[in-house]
Amino acid sequence: MQLTYQISDLSSVAQKLLDKANSKNLLFYGKMGVGKTTLIKELVRQLGVAETVSSPTFSLVNEYSGENGPIYHFDFYRLNDPSEALDFGVEEYFMQESWNLVEWPEKISGLLPDRGMRIEIKENTNGSRTLNVTPVE
């Protein structure tokens, strides 16, 4: 699936992603500042979280209470080694039936769940974004 959108379309883009999800593991790829966190904020809102969502850049993971259980938002940008993710139990998070929204998954490629959705975000010259979404199976 490929979607090109403006920020004003974010709500409908997030809904399409949730509708097409083959798994609760969503892996976000893209350059710094491309809009990964912004899209995740909208996804979390649509999953029933009313509180403010922020990037867990320093804590590595933020937990939110959604309508149907916990939602975990990971940001692995600052990881120096995948063992740091193992130290806080990332594998246990991935074994749960919770939503796992992962920024910078390439930093822990050997630890990622077997099933999920790869979401690549690219900024276009006109300021729009293009998502390329492929299943991970």
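Note that residues are indexed from 1 along each chain, following the sequence as it is written. Predicted model: local features are reported for residues with pLDDT of at least 70 only, side-chain atom pairs are reported and counted for 80 or more only, and whole-chain, interface and lining totals are derived from all residues. With hydrogens and water excluded, all non-hydrogen atoms of the structure serve as input to the side-chain values.

Draft legend 1. Geometry of the layout of surface pockets. There is about 170 Å³ of room inside the largest pocket. Using a grid of 1 Å spacing that covers the protein atoms alone, one calls a set of points a cavity when a 1.4 Å probe fits there but cannot get out, and a pocket when the set is open and has protein on both sides within 12 Å along at least five of seven lines; lining residues are those with an atom within 4 Å of a point. Along its surface, the largest pocket is lined by 14 residues, and Met32, Gly33, Lys36, Thr37 and Glu103 are the ones closest to its centre. Only runs of H or I of at least four residues qualify as helices and only runs of E of at least two qualify as strands under DSSP, and these elements are numbered from the N terminus. The dominant element in the lining of the largest pocket, judged by the number of residues it contributes, is helix α2 (residues 36-46), at three residues. Grid points are joined across faces, edges and corners, and a volume is the space filled by probe spheres set on the points.

Draft legend 2. The packing of aromatic side chains, seen in detail. Note on aromatic contacts: the rings of Phe and Tyr and the six-membered ring of Trp form a pair at centre separations within 6.5 Å, being stacked when their planes are under 30 degrees apart, edge-to-face when over 60 apart, and tilted otherwise. Evaluation of the coordinates by the stated rule reveals nine aromatic pairs. Ring plane angle 55 degrees and centroid distance 4.9 Å describe the contact between Tyr77 and Trp104, whose orientation is recorded as tilted. A residue pair is termed long-range when its members are at least 10 positions apart, and Tyr77 in the loop between β4 (69-75) and α3 (83-87) and Trp104 in the loop between β5 (99-103) and β6 (116-123) qualify at 27 residues. Counting every residue linked through ring pairs, the aromatic cluster contains Tyr72, Phe74, Phe76, Phe88, Tyr93 and Phe94.

Draft legend 3. Geometry of the pairing of strand β1 (residues 2-5). Only protein chains enter the accessibility calculation, which uses a 1.4 Å probe; a residue is then buried when its area is under 20% of its type maximum, exposed when over 50%, and partly exposed in between. What you see with β1 is a clean split: Leu3 and Tyr5 sit on the buried side and Gln2 and Thr4 on the side with no burial. Relative to strand β7 (residues 129-136), β1 runs antiparallel, the two being bridged by four bridges. Its bridge partner lying in β7, Gln2 is registered against Asn132. Two strands pair under a simple rule: DSSP has to find at least two bridges between them.

Draft legend 4. Representation of the environment of Phe74 within the structure. Along the polypeptide, Phe74 turns up in strand β4. Taking C-alpha positions, Phe74 is 6.1 Å from Leu101, a pair spaced 27 residues apart along the chain.

Draft legend 5. Representation of the pairing of β5 in the model. Of all five residues in β5, five are buried, a share of seventy percent or more. Taken together, the five bridges between β4 and β5 define a ladder with parallel strand orientation. Residue pairing across strands places Tyr72 opposite Asn100, the latter belonging to β5.

Draft legend 6. View of α2. Burial analysis of α2 places eight of its eleven residues in the buried class, which makes it a mostly covered element. Those residues of α2 that fall on the buried side of the exposure criterion are Lys36, Thr37, Leu39, Ile40, Glu42, Leu43, Val44 and Gln46.

Draft legend 7. How the structure looks around the environment of Ser65. If you trace the backbone, Ser65 turns up in strand β3 (residues 61-66). Residue Ser65 is classed as exposed on the basis of its relative accessible area, which comes to 56%. Separated by 18 residues in sequence, Ser65 and Leu47 have C-alpha atoms that sit 9.1 Å apart. Throughout, a residue-residue contact means that at least one pair of heavy atoms, one from each residue, lies within 4.5 Å. Excluding residues that lie within four positions of it along the chain, Ser65 makes contacts with Gly48, Val49 and Glu51.

Draft legend 8. Layout of the pattern of salt bridges. Any carboxyl oxygen of Asp or Glu that lies within 4 Å of a side-chain nitrogen of Lys or Arg is treated as forming a salt bridge with it. Counted by the stated rule, this structure contains four salt bridges. The residue Glu42 makes a salt bridge to Arg45 at a minimum N-O spacing of 2.6 Å. Here Glu42 and its partner Arg45 are both found in helix α2, three residues apart, which amounts to about one turn of the helix. Note that Arg129 and Glu123 form a salt bridge whose closest N and O atoms lie 3.5 Å from each other.

Draft legend 9. A look at the sheet that holds β7. Taken together, seven strands build an open sheet; the order of strands is β1-β7-β6-β2-β5-β4-β3 and the sheet is mixed. Across the chains shown, the open sheet's two edge strands, defined by having one partner strand only, are β1 and β3. Strand-to-strand twist in this sheet, taken as the mean axis angle between neighbours without regard to direction, amounts to 20 degrees. Relative to β7, β6 runs antiparallel, the two being bridged by eight bridges. Across the sheet, Glu120 pairs through a bridge with Asn132, a residue of β7. Lying over the sheet, α2 contacts β1, β2 (25-29), β3, β4, β5, β6 and β7, oriented at roughly 155 degrees with respect to β2. Only the stretch in contact is used when fitting a helix axis, every axis being a line fitted to C-alpha atoms; angles between N-to-C directions are given from 0 to 180 degrees.

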